[in-house]
Structure formats: structure tokens, C-alpha cells
Amino acid sequence: MKQQRYDVVIVGGGAAGLSGALALGRARRSVLVIDAGEPRNAPASHVHNYLGRESTPPGELLAIGRGEAAGYGAEIVEGRVASAERLPESGEGEQGFRVVTEDGRSVEARRLLVTTGLVDELPPVPGLAERWGREVLHCPYCHGHEVADRPIGVLATGPLAVHQALMWRQWSDDVTLFLHTGPEPTEEEYEQLAARGVAVVDGEVTGLEVADDRFTGVRLASGRVVPREALVVQARFIARSAVLESLGLKPVAQEMGGVVIGSYIPTDPTGATEVPGVWAAGNVTRLTEQVIGAAAAGLMAGGAVNGDLITEDTRLAVAARRA
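Here is what the cut-offs are and how they apply
Residues numbered from 1 in each chain as written. Predicted model: local features only at pLDDT ≥ 70, side-chain atom pairs only at ≥ 80, totals over all residues. Heavy atoms only, no water. Phe/Tyr/Trp six-rings, centres within 6.5 Å; stacked < 30°, edge-to-face > 60°. Helix = DSSP H or I, 4+ residues; strand = E, 2+ residues; numbered from the N terminus. Buried < 20%, exposed > 50% of the residue type's maximum accessible area, 1.4 Å probe, protein only. Polar contact = N/O pair within 3.5 Å; in protein donor to acceptor, adjacent residues only side chain to side chain. Contact = heavy atoms within 4.5 Å. Pairing = 2+ DSSP bridges. Axes fitted to C-alpha atoms, helices over the stretch in contact; angles between N-to-C directions. Salt bridge = Lys/Arg side-chain N within 4 Å of Asp/Glu carboxyl O. Right-handed = clockwise from strand over helix to strand, strands pointing away. Core = buried A, V, L, I, M, F, W, Y, C linked by side-chain atoms within 4.5 Å.

### Re the packing of aromatic side chains
No. 1: The final tally for this structure, using the stated rule, is two aromatic pairs.
No. 2: An angle of 85° between the planes, with centres 5.6 Å apart, marks the rings of Tyr141 and Trp171 as edge-to-face. One end of the pair, Tyr141, is in helix H4 (residues 140-143); the other, Trp171, is in the loop between helix H5 (161-168) and strand S10 (175-178), with 30 residues separating them in the sequence.
No. 3: Ring centres of Trp168 and Trp171 lie 6.2 Å apart, and the angle between their planes is 50°; this geometry places the pair in the tilted category.
No. 4: Residue classification places Trp171 among the buried positions, given a relative accessible area of 18%.
No. 5: Three or more aromatic residues link up through ring pairs in this structure, and these residues are Tyr141, Trp168 and Trp171.

### Here we look at the side chain of Glu135
No. 1: Note that Glu135 resides in the loop between helix H3 (128-131) and strand S8 (136-137).
No. 2: You can call Glu135 buried: its relative accessible area is 10%.
No. 3: A distance of 3.2 Å separates a polar side-chain atom of Glu135 from the backbone nitrogen of Phe215.
No. 4: Glu135 has contacts with Asp213, Arg214, Phe215, Glu229, Ala230 and Leu231, leaving out every residue within four places of it along the chain.

### Overview of the sheet that holds strand S14 (residues 225-227)
No. 1: One open sheet accounts for three strands, arranged S12-S13-S14; its pairing is antiparallel. The open sheet has two edge strands with one neighbour each: strand S12 (205-211) and S14. The average undirected angle you get between the axes of adjacent strands in this sheet is 35°.
No. 2: When S12 meets strand S13 (residues 214-220), the two strands line up antiparallel, connected through six bridges. Each residue of the ladder has a partner; that of Val205, found in S13, is Leu220.

### Focus: the pattern of salt bridges
No. 1: Per the counting criterion, the structure on display carries 23 salt bridges.
No. 2: Linking Asp35 and Arg66 is a salt bridge whose minimum nitrogen-to-oxygen distance equals 4.0 Å. Highlighted residues: Asp35 in strand S2 (residues 31-35) and Arg66 in helix H2 (residues 58-71), separated in sequence by 31 residues.
No. 3: For Glu312, the salt bridge identified is with Arg315, shortest N-O distance 3.7 Å. Of this pair, Glu312 and Arg315 both sit in helix H8 (residues 291-322), three residues apart, which is roughly one turn of that helix.
No. 4: When its relative accessible area of 3% is taken as the criterion, Glu312 is described as buried.

### So, the pairing of strand S3 (residues 75-78)
Within a regular strand, side chains alternate between the sheet's two faces.
No. 1: Side-chain alternation along S3 places Glu75 and Val77 on a buried face and Ile76 and Glu78 on a face that remains uncovered.
No. 2: Where S2 and S3 come together, four bridges link them in parallel fashion. In the strand pairing of S3, Val33 is matched with Ile76.
No. 3: With respect to chirality, the unit in which S2 leads through H2 into the neighbouring parallel S3 is right-handed.

### Looking at the sheet that holds strand S17 (residues 252-256)
No. 1: Across the sheet, which stays open at both edges, the four strands sit in the order S7-S16-S18-S17 with mixed pairing between neighbours. Both outer strands of the open sheet, strand S7 (118-121) and S17, are each paired with one neighbouring strand and no more. Neighbour-to-neighbour, the strand axes of the sheet open up by a mean angle of 30°, direction not taken into account.

### Brief notes about the pairing of S2
No. 1: Among the five residues of S2, five are classified as buried, and the element is accordingly described as predominantly covered.
No. 2: The side-chain alternation of S2 yields two buried faces, one formed by Val31, Val33 and Asp35 and the other by Leu32 and Ile34.
No. 3: Two elements, strand S1 (residues 5-11) and S2, share four bridges in a ladder whose sense is parallel. Counted as the bridge partner of Val9 is Leu32 from S2.
No. 4: In this fold, the crossover linking S1 to S2 by way of helix H1 (residues 15-26) has right-handed handedness.

### Some points on the nonpolar core
No. 1: By size, the foremost hydrophobic cluster in this structure holds 24 residues, and its most contacted members are Val9, Ile34, Val99, Leu112 and Leu244.
No. 2: At the level of secondary structure, the elements contributing two or more residues to this core comprise S1, S2, strand S4 (81-86), strand S5 (97-101), strand S6 (106-114), helix H7 (242-245) and strand S19 (278-280).
No. 3: Here this core gets four residues from one element, more than from any other, and that element is S6.
No. 4: Sequence-distant contacts of Leu244, defined by excluding residues within four places in its chain, comprise Val114, Leu249, Ile265, Val278, Ala280 and Val284.
No. 5: Counting residues in hydrophobic clusters, the runner-up holds 22 residues, among them Leu208, Val218, Leu220 and Ala235.

### Considerations on unusual backbone geometry
No. 1: Backbone geometry at Asn49 places phi at a positive 65°, although glycine is not the residue there.
No. 2: By secondary structure assignment, the location of Asn49 is in the loop between S2 and H2.
No. 3: Accessibility expressed as a relative area gives 40% for Asn49, which makes it partly exposed.
No. 4: Notably, His180 is not glycine yet its phi reads approximately 45°, a positive angle.
No. 5: Inspection of the secondary structure puts His180 in the loop between S10 and helix H6 (187-195).

See the structure below:
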């Protein structure tokens, strides 16, 4: 950290954080990005649906983003932020925050932008974590094209499994729904699955079959192995909200179709939280956002932060002029 106080400290250096840093750097703000180096999409081989950067490896996209943000003066450092706190207002009424990293470093900022993302909590089936982002998938728009026309399995762990199976049927006509620990489909759902040619397999899934570092099938408690080349799961999306919680914000549950799919920190459309001076962007506040959406949210938040600083700069200038 080259200085003790910045206009903005950004916690998290993924697409949202770097996009915010780029916008703020171009606005001639002093910006520090503190990144723990744990991008959610690290297991994936490529980023998709990012116009102009389609199929770019995640690490390469981050390297490009870091270079662009640094080119406008943003400082980017490695570290994990442990907490943040509001500082007493100055005599002129200027806001401020102190950010403390796990290794004891601290830095002050006039505003905070938190872009810490989320953690995917996977079902407790042996082997899932090791194949996550490779053949164990959850988002058809992220990975569907790459497994098109291949044998796909859908692991049922909740009421959204039928919805998942019908959705993934768009990419392959060989889809099997493994009921596992999920609820029994209704008669209407069974009819929908049959009409779309989705097979249904009873029994609990106890593991994955892997040969030559390639997923080859699903192993059932009965010992039966069903050949598959990709397996879809419903991860639970848990916002990395510890820094925001240290400021008094609380995560809330997000539902989809009446089912809780995870937790997030609420914000307004610009990313402003209920704590004045603190913004959030990306998956920490929008669980289903893809990379390009997170980048757009970071840009929106960066612009809003700069606007807020302009308001404060003007108020302080007027007060100084009147003094």
C-alpha cells in the first residue's frame, strides 16, 4: 500500500472490483484494490457470454483487467480483508472508513466498494468438488454449449431439479434426472419429463466414476453405474459477506420459485448498501450474475461512488469558502 488513505478501497479484485477500479481510476480517484486471489470461476477453463472476450480463460481476463485498472492509477495488492469500520466524522463532516487485513495491515478510505463474490456450497457427494467447473456444472448459459449433445445427468437435491432437467434438455437430448435426495416429481412433472425424453433414475447417488481424469458416470447406492459425461448440481450460493457484516449489514435469503438458493447483501440499483459510504457489486449482492453482469455492476457502483465523492467535495469546498 503506497499511501495511508485513499478515495476508495475496493475489497475484492474480480470482474466487479476491477471494473469499479477502472471507472474510478479514469475519474482520477485514488483507488486501492485488495484481492484475496480466490476467484469463484477459477476451476472453469473459459469465461463465456462476455462480449468481446468470449472463451477467454478466467485468469487471463483478470490479468487484462488488472493491467487496465493499473493503467489508470489503481493500486492492486494481495491480501484478505478481515474487517472494516466507520471512522468518526472529521470536523468538516467528511466520512471515512478503516480497513484491516488478516495480516494486521490497515488503510483508510473515504468510500468502500465490496466485491467479494460468493462461495458455491456443493451437495455432499464424494467427488463433486474435485470435478467442479469441469464436468460438474450448474449454469447452462456458462457451460451448456460445451457439453451439447453429450450424456448429461442432473442431481436432484431440491424442488428445482425438474426445472434444471428441462432446461438442460435444450442442450442435449440425452438427459437423465437422478432423484437422489430430491423430492418425488409430481404427476405433471413426470409428464413433462417424459414428453421431453428426460429419463428418471431412482436411488441415492454415492459417488462419481472417473477414468483417466475424466468423469464417466454416476454411481448409485445399489452399485449400478449410469454412464454420463457431465453432471448438473444445484449449488447453494453463499455471499462472502464477512466484511459487510463487520459494518453492521446482514445477509438475507434469496428465493427462486419459492426455494431458498442462497444469501446475499441487499443494495439499491447502484450498489449502495444501507450503510452510507459503502457500496457492493457482483455476486455478493446478485447471486445469479454472470461475469459480464458483475463487471457492469462494478462500473455502475464506481460511477455512483464517484458521484457521491463529488457531492462531498463540493460541500467541503463551499464550507471552506465560507469559513
